[in-house]
Each structure stands twice: as C-alpha cells, then as structure tokens.
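# An overview of the molecular structure
These are the residues of each chain, in order.
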Amino acid sequence: MNATIALLPGDGIGPEVIDAAAGVLEATAARHGHAFALTRSPFGAAALRAGEPPLPDGTLRDCRAADAVLLGAVGDPAYSDGPRERRPETGLLELRRALGVYANLRPARVWPGLEGGAALRAERLRGVDMLIVRELTGGIYFGEPRGRSADRAEAFDTMRYSTAEIERIAVVAFESARGRRQLVTSVDKANVLESSRLWREVVTEVASRYPDVRLEHQLVDSCAMRLVSDPGSFDVLLAGNLFGDILSDEAGAVVGSLGLLPSASVGGSGGLFEPVHGSAPDIAGRDAANPIGAIASAALLLRHALDLGAEADSIERAVGTALADGCRTADLAAPGGPALGCAAMARAVLDRLA
C-alpha cells in the first residue's frame, strides 16, 4: 500500500514522541511491503513562533491531502493568556472541525507487567480494558454564544448538542461494543442539564436498535468515582466532549500513566491520531517523554485510517512485549528505579517488532 501520512510534531515533547512513532511506522511499512510518505508541517505554538496562525493554511492543505494525520502534542504556556485565535489549542479545535472528525476513540487498558505500578491495587486492575468514545466537535468546546463581558465581570460558554450529533456518536459506541463485551455506559448529567436530558433520550433510542448490546446510564460524578473504584466494570464508555475529555485523563491515571494512552479521531476525512497526553513543556527536550501513547496512536492510524489491522496488531504486540520485559520510562518506573529515555523506549519497541 502507498499512503501519505501528515506528521504534526507540534509543541513541547511532541517532536520527540513523533520521531519515535515515525520510526515505528517506517519499520512496520518496510516489514510489510508498504510505502509511507511522511510529511511534516508546523502546528500550534511552533507555527505561532514562525509568525503563522496555530493552524496555518499550508498545514491544513497537507492534512487534507494526506490519508491520515499523526499529531504529537499542542500547547505552550507562553501563549496561554493570549487572545483565543493566538492560542495553540485553538489550532487543534479548528483542525478537528476542518477534518470533520467527530468521534474520538480512546482505548485504556492495563498492559501486562504494569498492574503493580499503577495508582490502584493490582487486584482492582484485573481485566481493565475499556474504550472511551468521546464526542469531539460539539458540546461546550464549540457551543455559541461564548465570551466575556466588557468589564470582565463575567464569562460564559454554552453547552449545546443536537439530536443528530448525539445519534451519530452513539452509533459509534454501540458498533464498537458489538466487537467487545457488548456493554455501553453512557455518561451525562441529566439530573441538572437540559443538554444531558436530550443526550440520554437520544442514546436510549439508539440503544433500541442494538438488542445485543446492554446500555446503562451513569451521572458523570458517580462515573468518575466508579472509574477508580471498579474500572474493570467498564467496556465502552460514551460521553460528550467535556466529560469525555476529563474522564479519559482519569483513565490514564488508572492504567498507570497518561503517557500510555493513544487516541483516534475519526468520522471525517482520513482521521487524526494523537497521544492523549499534553505537550509537557517541563520535560521537553530532555529525552524523558513516554512515546508509547504516540506509538500506539500510530497503530490506531494503521487500523482505522488505512485498514491495516495486522500491522497495527504487530505494533501493539511489540509495545506489550517491551512493557512485559520491564522496559520503563520515568513515568512508569519505580521511585529511584532505572528508566529509559524516549528514544531508548522507542528502540525497545522497534527491537520487538520482528
């Protein structure tokens, strides 16, 4: 297969983890007889520093022309207090909207060998393997009106969802559950929010089309508690943009580190794939980042954008073997224990691809 993959290294540790993921993609392509053309474009604060907007026109053209996009990280404290159009994160929201990727898939599982190093007791982590399906282009991140009063005495955002937006993300969740353990947990705040009442009604209607999948509704606050008290009880967790963002970060702590979590944003053209972690500017340039989230995102890219399931499986097996063999970056290592740098962890995965 010939494919073009647009790489957006972005900010902070983004270039480091993208280098790691790109190396794994190239090695996988070589092993399986594929030809991947990898392009690199400025994005986020890296684009702002070059005098461009956070999503330059040329970068968007590259992304639209590619078969898939792999993003490293976005965010820089130097731009956090600027106007909205000059914030790196605005580029990410614009890119998601431009590509039409409305479904964010965030798998979270406990890898073999990591049960004892996570925040929870090992017995509580047995069988933890969940998929968080997050609606990505609606909700409070995009709802209008939004703004501040002229005197800065108040600010406001709008939580807004349409029936069509809820229905299409619910279908993704139920279709995903059919290939897993046939359980969807839909998260809302229907006891308070009108948008959540509509969410619950529409999800219930969609569930009637999937008699083989069980549906349960859960309020977001009790879901957050259950995520740490009984994480193995979740299969597919369906949530809106804000709730899904928060809960998936919590899931990172449950399984051992946010640095392990990949994500796939699909439903539009090609797809956008990125690790769940942020730009981590405090460790940028120190070869201390965990590249597993980016490498696993590359596996999701192969599976969801290029329909190369066997190749994706090979990457995930290599990641699992490296972790089972005791390879650890600083976020996974025991206090005072040995830790691999970002590049060394990538090499450990590459060594196990064969």
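Rules of the game
- Residues numbered from 1 in each chain as written.
- Predicted model: local features only at pLDDT ≥ 70, side-chain atom pairs only at ≥ 80, totals over all residues.
- Heavy atoms only, no water.
- Helix = DSSP H or I, 4+ residues; strand = E, 2+ residues; numbered from the N terminus.
- Expected span 1.5 Å × (residues − 1).
- Buried < 20%, exposed > 50% of the residue type's maximum accessible area, 1.4 Å probe, protein only.
- Contact = heavy atoms within 4.5 Å.
- Phe/Tyr/Trp six-rings, centres within 6.5 Å; stacked < 30°, edge-to-face > 60°.
- Lys NZ or Arg CZ within 6 Å of the ring centre and 35° of its normal.
- Core = buried A, V, L, I, M, F, W, Y, C linked by side-chain atoms within 4.5 Å.
- Axes fitted to C-alpha atoms, helices over the stretch in contact; angles between N-to-C directions.
- Parallel < 35°, antiparallel > 145°, perpendicular 65-115°, else oblique.
- Left-handed = near helix turned anticlockwise from the far one by under 90°.
- Nonpolar A, V, L, I, M, F, W, Y, C, P; charged D, E, K, R; others polar.
- Salt bridge = Lys/Arg side-chain N within 4 Å of Asp/Glu carboxyl O.
- Pairing = 2+ DSSP bridges.
- Right-handed = clockwise from strand over helix to strand, strands pointing away.
- Lys, Arg positive; Asp, Glu negative; His and termini not counted.
- Polar contact = N/O pair within 3.5 Å; in protein donor to acceptor, adjacent residues only side chain to side chain.

## Focus on helix 1 (residues 14-32)
Look at helix 1: 27 Å from first C-alpha to last across 19 residues, which is about the 27 Å you get at 1.5 Å a residue. Listed as buried for helix 1 are Gly-14, Glu-16, Val-17, Ile-18, Ala-20, Ala-21, Ala-22, Val-24, Leu-25, Thr-28 and Ala-29. For helix 1, the elements touching its buried residues are strand 1 (2-10), strand 2 (35-40), strand 3 (68-73), helix 10 (292-304), helix 11 (309-324) and helix 12 (342-351). With its phi angle positive at about 80°, Gly-33 sits one or two positions after the end of helix 1.

## Quick word on the environment of Thr-59
Of note, Thr-59 is situated in helix 3 (residues 57-65). On the basis of relative accessibility, which here comes to 1%, the residue Thr-59 falls in the buried class. Placed 236 residues apart in sequence, Thr-59 and Ile-295 show a C-alpha to C-alpha distance of 22 Å.

## Comments concerning the packing of aromatic side chains
In the structure shown here, the tally under the stated rule is two aromatic pairs. Ring geometry for Phe-174 versus Tyr-210: centroids 5.3 Å apart, planes at 20°, classification stacked. Linking Phe-174 in helix 6 (residues 163-178) with Tyr-210 in the loop between helix 7 (194-207) and strand 9 (214-219), this pair joins segments that are 36 residues apart in sequence. The ring of Phe-234 has Arg-226 sitting right over it, with the charged end atom 4.2 Å from the ring centre.

## Description of the nonpolar core
In terms of nonpolar packing, the biggest core is built from 69 residues, with Phe-36, Leu-70, Val-133, Phe-174, Leu-238 and Leu-302 touching the most fellow members. If sequence neighbours within four positions are ignored, Leu-302 has contacts with Leu-25, Thr-28, Phe-36, Asp-307, Leu-308, Glu-311, Ala-312 and Ile-315. Core analysis: the second largest hydrophobic core is formed by 20 residues, Val-110, Leu-125, Leu-227 and Val-255 among them.

## Concerning the packing of helix 8 (residues 220-229) against helix 9 (residues 241-255)
It is at 10 Å that the axes of helix 8 and helix 9 come closest, and there the two elements cross at 15°. Overall, the two elements helix 8 and helix 9 adopt an arrangement that is roughly parallel. Remark: the crossing between helix 8 and helix 9 carries right-handed chirality. Between helix 8 and helix 9, the contacting residues are Val-220, Cys-223, Ala-224, Leu-227 and Val-228 on the first element and Phe-243, Leu-247, Glu-250, Ala-251 and Val-254 on the second. Looking at the contact of helix 8 with helix 9 residue by residue, the class counts come to nine nonpolar, no polar and one charged.

## Considering unusual backbone geometry
Residue Pro-145 follows Glu-144 across a cis peptide bond; omega there is 5°. Inspection of the secondary structure puts Pro-145 in the loop between strand 5 (129-135) and strand 6 (147-148). The phi angle at Arg-152 is positive, at roughly 60°, despite the residue not being glycine. We classify Arg-152 as exposed; its relative accessible area is 67%. Backbone geometry places Gln-182, a non-glycine residue, at a positive phi of 60°. Counting through the fold element by element, Gln-182 comes out in the loop between helix 6 and strand 8 (183-188).

## Digging into the pattern of salt bridges
Two side chains that carry opposite charge are able to pair once their charged atoms sit near each other. For the coordinates displayed, the defined rule picks out 20 salt bridges. Between Arg-180 and Asp-129 there is a salt bridge, with its nearest N and O atoms 3.6 Å apart. In this pair, Arg-180 is assigned in the loop between helix 6 and strand 8 and Asp-129 in strand 5, connecting sequence segments 51 residues apart. When its relative accessible area of 26% is taken as the criterion, Arg-180 is described as partly exposed. Look at Asp-129 and you get partly exposed, because its relative accessible area is 31%. Here Arg-209 and Glu-167 are joined by a salt bridge, their closest N and O atoms 2.3 Å apart. Here Glu-167 lies in helix 6 and Arg-209 lies in the loop between helix 7 and strand 9, a separation of 42 residues in the sequence.

## Observations regarding the sheet that holds strand 5
In space, the 10 strands of this open sheet follow the order 2-1-3-12-11-4-5-10-8-9, with mixed pairing throughout. Whereas interior strands pair on both sides, the edge strands pair on one side only; in this sheet they are strand 2 and strand 9. Strand after strand, the sheet turns through a mean of 25° between neighbouring axes, direction not considered. Bridging between strand 1 and strand 3 involves five bridges; their strand directions are parallel. Each residue of the ladder has a partner; that of Leu-8, found in strand 3, is Leu-71. Here helix 9 sits on the sheet in contact with strand 4 (103-109), strand 5, strand 8 and strand 10 (236-239), set at roughly 155° to strand 5.

## A short note on the pairing of strand 9
Examined bridge by bridge, strand 8 and strand 9 share six bridges and lie parallel to one another. Its bridge partner being in strand 9, Ser-186 is matched across the sheet by His-217. As for the winding sense of the linkage, the β-α-β connection from strand 8 through helix 7 to strand 9 is right-handed.

## Here's the deal with the side chain of Glu-165
Mapped onto the secondary structure, Glu-165 falls in helix 6. The side chain of Glu-165 is buried and forms no salt bridge, while Arg-168, the nearest opposite charge, is found at 4.9 Å. Only 3.0 Å separates the side chain of Glu-165 from the backbone nitrogen of Ser-162, close enough to count as a polar contact. The residues touching Glu-165, leaving out its near neighbours within four places in the chain, are Glu-135, Thr-137, Gly-138 and Arg-160.

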